[in-house]
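Examination of the molecular architecture
Listed below are the residues making up each chain.
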Amino acid sequence: MSALLRIALLSAWNRRLTLGLTVLAIALAVALLLGVERSRVAARTSFAQSVSGTDLILGARTSPVQLMLYSVFRIGGATHDIGWDSYEAIARHPDVAWSIPLALGDSHRGFPVVGTNAAYFEHFRYGRERKLALAQGRPFAGLFETVLGAEVARRLGYRLGDRITLSHGSGAPNLAEHDDKPFTVVGILAPTGTPVDHSLHVSLEAITAIHLDWQGGAPIPGVRIAAAHVEKFDLRPKTLTAALIGLKQRAAVFKVQRDINRYADEPLLAALPGVALDELWRVVALVEQVLLGISALVVAVGLAGLVAVILASLGERRRELAVLRSVGAGPRHILALLALEGGGVTLAGIGLGLVGLELLAWLAGPLLEARLGLTLALQGVTLAELQRLAAVAATGMAASLLPAALAYRRALGDGLTPRL
Amino acid sequence: MSAALAVRLTDLRFRWQAGAPCCLDIPSLAIAAGERVFIYGASGSGKSTLLGLLAGVHRPEAGYVEILGQDLGQLSGSGRDRFRVDHIGFIFQQFNLIPYLPVLDNVLLPCRFSRRRLAEARRDGKSEQAEARRLLEALGLEGQLLAQPAHRLSVGQQQRVAAARALIGRPELIIADEPTSALDADRQDDFLDLLLEECAAQASPLLFVSHDHRLASHFTRELSLAALNRASLP
Ligand SMILES: Nc1ncnc2c1ncn2[C@@H]1O[C@H](COP(=O)(O)OP(=O)(O)OP(=O)(O)O)[C@@H](O)[C@H]1O
Ligand SMILES: [Mg+2]
């Protein structure tokens, strides 16, 4: 058998270029197949982690998915605010343990600004019951103080004591600037892998203060209220974008949700984050299916390439296989030879694909984590992946046996006469 | 008795394709064990085809082929492959070496697929590699050359490798299809000496096709294919 292995190796080495390209094609296909699935899982985990500690999301009446997207993930904007009085009434609900008010709508160089209060640092939970931690500094206390998410500080290179100005609205630069009221960085949060990393946090009063001389999204002409004078005004917030709510007992969640949705003074919505996420995934599922389908097709193309290469090489190897037969190699030898090659190429492709994927996760992982909050950590192969890889390997083996069968059905004399 | 015969043919007919004219039509041919037969005939007359039929490379359209007491018609394709490697040393006109395998590996191929040939090659207590080296050396191939892949060899060198491959493991019947066509006079003599010596040591019958009639004196019998073959070829 070792002699056969030697022949297989020497023969493969003799055709290393085509075989190498086939290995590469299979590697790319495998990397894509697993990569798509891993990013899908990573996206789901990262989304689920961001809302893990919240029982209900309170906001103006809209769709639960939309409410969750703008309040937790800061994707899109709120169409309506809710009244501060309504929020306070809900916060006093006997089943509510804590609540975090959120006032959104401003930004700093593309990063969203969150107006909130001390409850944010105390009650916000992400991942597995994890609390926010400050890497440096302290929570905001004064009016024009801000606490930065880890990514904001890292990407913009801010340090404690830096002074920054906020822009009205989110997104594009050259928005109207609140440049007359700069903020001082007093704290920087530790990384969480959630949208918190991409946010700047200020007090609710600060949000009111920078909008004192504004109306309808633009400064009121001729009215300038200097930063030093804002303290004279009533800075208590009048409206709010949303609030995150934690309950004393999870069991009460549907009761509280019903109470909020029936709130008489204002149309309110209480969304269950888990349900909203499921709804979101149902929407996204189609896209995921398409992606998965595409990657399956790519794998099929890779394997078809393998069969094509083996079949093409069969013409090339017609003589070689006939010579082996003429010196006594039986069907099982020829079969073993081709299966060895097909299996080797498939396994090499799978191995290379896995290594490539891990390498990519290692190289591009930090970037993805920073940009998208996706954690594509180096990971072992999961059972589901193993099943897919086994399917790829089995197909590759089967594909390589087809030429083996063909090789033996040819007449020996046919292969022994060189074709001119 | 057929057991004493190395080759027995009756009413053999062969054509290359259905509808093509008959290539071979041989009423009978018998070669006894220990005979050394020189076969000659015009180019394209069917000498290689006949040898291929005797070695089970081709299947006859009709007729009976018996080699060393074995009816080839009874064997399957892979059965004939196994029978050939176990019992016949065949030097193909086209050599049929595996181009990427080193010379030594090419010579050892029959030992890899036939236990019988391996056991015979090791008979004097040597390794099969030593036996391969002995044969190659007798044919003037040694040293660095043995590690070279076959496609780096000259045509004459390739022919000698093919000869060594046919002789290793002392097959009971040796069939050589123009084995000296690419050799110079000295090499031809070396080769013939070795071939006849090996056959004599084993009392193996030898079928030898050649255009070079001067070699005929080394053989016990001369066969003209034209006289044997009833099929008239253009
Ligand atoms: N692979 C093949 N397919 C079809 N016809 C073939 C094939 N090989 C040989 N023939 C035909 O069979 C006839 C005999 O060929 P063969 O090779 O046996 O001749 P030969 O006597 O060995 O000639 P040479 O002395 O040139 O080697 C030729 O006329 C040729 O046309
Ligand atoms: Mg010929």
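As the structure is a computational prediction, the values presented were derived from the model and not from experiment.

1. With respect to a nonpolar patch on the surface
All names here are of chain A. A cluster of nonpolar residues, Leu 17, Leu 21, Leu 24, Leu 28 and Leu 352, forms a patch on the protein surface that exposes about 530 Å² of accessible area. Considering every element that reaches the nonpolar patch, the biggest residue donor is helix H2 (residues 16–50), with 4 residues. On the secondary structure map, Leu 17 appears in helix H2. Here Leu 17 falls in the exposed class, since its relative accessible area comes to 65%.

2. Some remarks on the packing of helix H3 (residues 103–113) of chain B against helix H5 (residues 128–138) of chain B
Residue and element names in this part refer to chain B. Contact geometry for H3 and H5: axes closest at 10 Å, N-to-C directions at 120°. Classed by the angle they form, the pair H3 and H5 counts as oblique. Classified by chirality, the crossing of H5 by H3 is right-handed. For the pair H3 and H5, the contacting residues are Val 103, Leu 104, Val 107, Leu 108, Cys 111 and Arg 112 in the first and Glu 128, Gln 129, Ala 132, Arg 133 and Leu 136 in the second. Along the lines of polarity and charge, the residues of the contact of H3 with H5 split into 7 nonpolar, 1 polar and 3 charged.

3. Quick look at the coordination of the magnesium ion (ligand 2)
Residues and elements named next belong to chain B. All of the protein donors around the magnesium ion (ligand 2) are Ser 48 (OG) and Gln 93 (OE1); their distances to the metal are 1.9 to 2.1 Å. Taken together, the residues span a long stretch of sequence, with Ser 48 in helix H1 (residues 47–54) and Gln 93 in the loop between strand E6 (88–91) and H3 at a distance of 45 residues. Residue Ser 48 is classed as partly exposed on the basis of its relative accessible area, which comes to 29%.

4. Re the sheet that holds strand E4 (residues 62–67) of chain B
All names here are of chain B. If you walk across this open sheet you meet the 4 strands as E2-E1-E4-E5, and the pairing is antiparallel. Across the chains shown, the open sheet's two edge strands, defined by having one partner strand only, are strand E2 (24–32) and strand E5 (70–71). Relative to E2, strand E1 (residues 5–14) is paired through 8 bridges, and the arrangement is antiparallel. The residue bridging Leu 9 from the neighbouring strand is Leu 29, located in E2. Its contacts with the sheet place H1 against E1, E2 and E4, and it is angled at close to 115° to E1.

5. Notes on the interface of chain A and chain B
Listed as interface residues are 23 residues of chain A and, on the opposing side, 21 residues of chain B. Between chain A and chain B, roughly 1900 Å² of surface is buried when both sides are summed, and carbon and sulfur atoms account for 67% of that area. If you look at where chain A meets chain B, you find 2 salt bridges. We note a salt bridge from A:Arg6 to B:Asp105, for which the minimum N-O separation is 2.7 Å. For the interface between chain A and chain B, the tally reads 6 residue pairs in polar contact (both at pLDDT 80 or more). At 7 residues, the largest contribution of residues to the side of chain A that touches chain B is made by helix H1 (residues 2–14) of chain A.

6. Thoughts on the site of ligand 1
Around ligand 1, a shell composed of 15 residues is seen, among which B:Ser43, B:Lys47, B:Ser48, B:Thr49 and B:Gln93 lie nearest. This site is not confined to one chain, since residues near ligand 1 come from chains A and B. Contacts to ligand 1 include B:Ser48, whose side-chain N or O atom sits 2.7 Å from an oxygen atom. A distance of 3.2 Å is found between an oxygen atom of ligand 1 and a side-chain nitrogen or oxygen belonging to B:Glu178. Taken by itself ligand 1 offers 630 Å² of open surface, and the protein chains cover 66% of this. Residue composition of the shell around ligand 1, by class: 3 nonpolar, 10 polar and 2 charged.

7. Things to note about the side chain of B:Glu35
All names here are of chain B. Summarising the element assignment, Glu 35 is placed in the loop between E2 and strand E3 (36–40). For Glu 35, a relative accessible area of 18% corresponds to the buried category. Reaching out from Glu 35, the side chain makes a polar contact with the backbone nitrogen of Ala 32 at a distance of 2.6 Å. Within the structure, the side chain of Glu 35 is placed 3.1 Å from the side chain of Arg 221, a separation counted as a polar contact. For Glu 35, the contacting residues outside a window of four places in its chain are Ala 30, Pro 205, Leu 206, Thr 220 and Arg 221.

8. Some words on the nonpolar core
Ranked by internal contacts, the top residues of the largest apolar core, which has 53 residues, are A:Leu324, B:Leu54, B:Ile67, B:Ile175 and B:Leu207. Not counting the four nearest positions on each side in its chain, B:Ile175 is found in contact with B:Leu51, B:Leu54, B:Ala55, B:Ile88, B:Gly89, B:Phe90, B:Ile91 and B:Leu207.

9. What about H1(A)?
Residues spaced three or four apart along an α-helix point in a common direction, a consequence of the helix completing one turn every 3.6 residues. Residue and element names in this part refer to chain A. Look at H1: 18 Å from first C-alpha to last across 13 residues, which is about the 18 Å you get at 1.5 Å a residue. Within the span of H1, buried status applies to Ala 3, Leu 4, Ile 7, Ala 8 and Ser 11. One side of H1 holds all its buried residues, which, seen down the axis, span an arc of 140°. In H1, the exposed positions that point more than 90 degrees away from the buried face belong to Ser 2, Leu 9 and Trp 13.

10. Let's talk about the domain arrangement of chain A
Where the parts come together, the accessible area they lose is often given as the size of the interface. All names here are of chain A. Taken domain by domain, chain A consists of domain 1 (2–47 + 284–408) and domain 2 (50–279). Between the C-alpha centres of domain 1 and domain 2 there is a distance of 49 Å. Every contact between the two is made by 5 residues of domain 1 and, on the other side, 10 residues of domain 2. In this assembly, domain 1 packs against domain 2 so that about 620 Å² is buried in total across both faces, 50% of it on carbon and sulfur atoms. Along the contact surface separating domain 1 from domain 2 lie 0 salt bridges. Where domain 1 meets domain 2, there are 1 residue pair in polar contact (both at pLDDT 80 or more). Among the secondary structure elements, those contributing two or more residues to the side of domain 1 that touches domain 2 are H2 and helix H10 (331–372). Residues of the side of domain 1 that touches domain 2, tallied by class, amount to 2 nonpolar, 2 polar and 1 charged.

Calculation criteria
- Residues numbered from 1 in each chain as written.
- Chains lettered and ligands numbered in written order.
- Predicted model: local features only at pLDDT ≥ 70, side-chain atom pairs only at ≥ 80, totals over all residues.
- Heavy atoms only, no water.
- Patch = residues over 30% accessible without salt bridge, like charges linked within 9 Å, V, L, I, M, F, W, Y side chains within 5 Å.
- Areas by Shrake-Rupley, 256 points an atom, 1.4 Å probe, with all protein chains shown as cover.
- Salt bridge = Lys/Arg side-chain N within 4 Å of Asp/Glu carboxyl O.
- Helix = DSSP H or I, 4+ residues; strand = E, 2+ residues; numbered from the N terminus.
- Buried < 20%, exposed > 50% of the residue type's maximum accessible area, 1.4 Å probe, protein only.
- Axes fitted to C-alpha atoms, helices over the stretch in contact; angles between N-to-C directions.
- Parallel < 35°, antiparallel > 145°, perpendicular 65-115°, else oblique.
- Left-handed = near helix turned anticlockwise from the far one by under 90°.
- Contact = heavy atoms within 4.5 Å.
- Nonpolar A, V, L, I, M, F, W, Y, C, P; charged D, E, K, R; others polar.
- Donors = N, O, S within 2.8 Å, 3.2 Å for Na, K, Ca; no water.
- Pairing = 2+ DSSP bridges.
- Buried area = accessible area lost by both parts, 1.4 Å probe.
- Polar contact = N/O pair within 3.5 Å; in protein donor to acceptor, adjacent residues only side chain to side chain.
- Near = heavy atom within 4 Å.
- Core = buried A, V, L, I, M, F, W, Y, C linked by side-chain atoms within 4.5 Å.
- Expected span 1.5 Å × (residues − 1).
- Arc of directions from axis to C-beta.
- Domains from an automatic or database assignment.

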